[in-house]
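Structural description and commentary
Single-letter residue listing:
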Amino acid sequence: MKELTYETIDPITREEAEEMLRSGDTELITYGLLRASYHVEDWRWVQSECLNLLDSQDKHLQYIGAICLSHIARVHGKLDLALVEPELKKLEGDIEIGSQIEMVLEDLEMFVTGN
């Protein structure tokens, strides 16, 4: 899995994010979803895109999907836990990303205040 470094998360529109997410380029998908998780107000749409990445065969994209769910929880204070938690729990035992998934689940407990 590629190591992430801190960068400023610039604003993005949903339309710009959609274009990046459909690009097929891992780096564009990563930055598109990160930017969307912070700046797109339609958190349900961003949540859906995160859940789509959890099904990826690419561990990096699975990780990004999970981390962005954590960002949505922190920024918006909302997620549909009935949808999100079961999908994250499927990855808890994964050797490569399981420990990160556990941290995301902890973040959800801490930051999700309602829908």
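Definitions and cut-offs
- Residues numbered from 1 in each chain as written.
- Predicted model: local features only at pLDDT ≥ 70, side-chain atom pairs only at ≥ 80, totals over all residues.
- Heavy atoms only, no water.
- Helix = DSSP H or I, 4+ residues; strand = E, 2+ residues; numbered from the N terminus.
- Rg over C-alpha atoms; globule rule 2.2 N^0.38 Å.
- Contact = heavy atoms within 4.5 Å.
- Lys, Arg positive; Asp, Glu negative; His and termini not counted.
- Charge placed at Lys NZ, Arg CZ, Asp CG, Glu CD.
- Core = buried A, V, L, I, M, F, W, Y, C linked by side-chain atoms within 4.5 Å.
- Buried < 20%, exposed > 50% of the residue type's maximum accessible area, 1.4 Å probe, protein only.
- Expected span 1.5 Å × (residues − 1).
- Polar contact = N/O pair within 3.5 Å; in protein donor to acceptor, adjacent residues only side chain to side chain.
- Patch = residues over 30% accessible without salt bridge, like charges linked within 9 Å, V, L, I, M, F, W, Y side chains within 5 Å.
- Areas by Shrake-Rupley, 256 points an atom, 1.4 Å probe, with all protein chains shown as cover.
- Salt bridge = Lys/Arg side-chain N within 4 Å of Asp/Glu carboxyl O.

**Description of the overall build of the protein**
Each helix and strand in the protein was counted, giving 6 helices and 0 strands. Mapped in sequence order, the helices and strands of the protein form the string α-α-α-α-α-α. Taken over the C-alpha trace, the protein has a radius of gyration of 13 Å; the compact-globule value for 115 residues is 13 Å, and the two agree within 12%. Each principal axis of the C-alpha distribution contributes one length, and for the protein these read about 30 × 30 × 25 Å. Nonlocal contacts in the protein, meaning residues at least 24 apart in sequence, comprise 66% of its contacts between residues at least 6 apart. Across the protein, the mean location of the 10 positive side-chain charges is 4 Å away from that of the 24 negative side-chain charges.

**Some points on the nonpolar core**
Of all hydrophobic cores here, the largest spans 35 residues; its most connected members are Leu33, Val46, Leu69, Leu79, Leu88 and Leu108. If one sorts the elements of this core by residue count, helix α4 (residues 59–76) sits on top with 9 residues. With residues up to four places along the chain from it excluded, the contact list for Val46 reads Leu33, Ala36, Ser37, Val40 and Ile72.

**Structural notes on helix α2 (residues 26–39)**
Across its 14 residues, α2 extends 20 Å between first and last C-alpha, which sits within 8% of the 20 Å expected from 1.5 Å per residue. If you check which residues of α2 are buried, you get Ile29, Thr30, Gly32, Leu33, Leu34, Ala36 and Ser37. Structurally, α2 contributes buried residues whose contacts are with α1 (14–21), α3 (43–54) and α4. Capping the start of α2, Asp25 holds a side-chain oxygen 2.8 Å from the backbone nitrogen of Glu27, two or three residues further along.

**Remarks on a negative patch on the surface**
Negative charge collects at one region of the surface, where Glu92, Glu102, Glu106 and Glu109 lie side by side. Take Glu106: it is sitting in helix α6 (residues 98–111). Residue classification places Glu106 among the partly exposed positions, given a relative accessible area of 49%.

**A look at the pattern of salt bridges**
Evaluated as defined, the whole model comprises 6 salt bridges. Glu18 is the partner of Arg14 in a salt bridge, and the nearest nitrogen-oxygen pair spans 3.1 Å. Of the two residues, Arg14 and Glu18 are both situated in helix α1; the distance of 4 residues between them amounts to about one turn of the helix. Overall, the relative accessible area of 30% leaves Arg14 in the partly exposed class. According to the relative accessible area criterion, Glu18 is partly exposed, its value standing at 27%.

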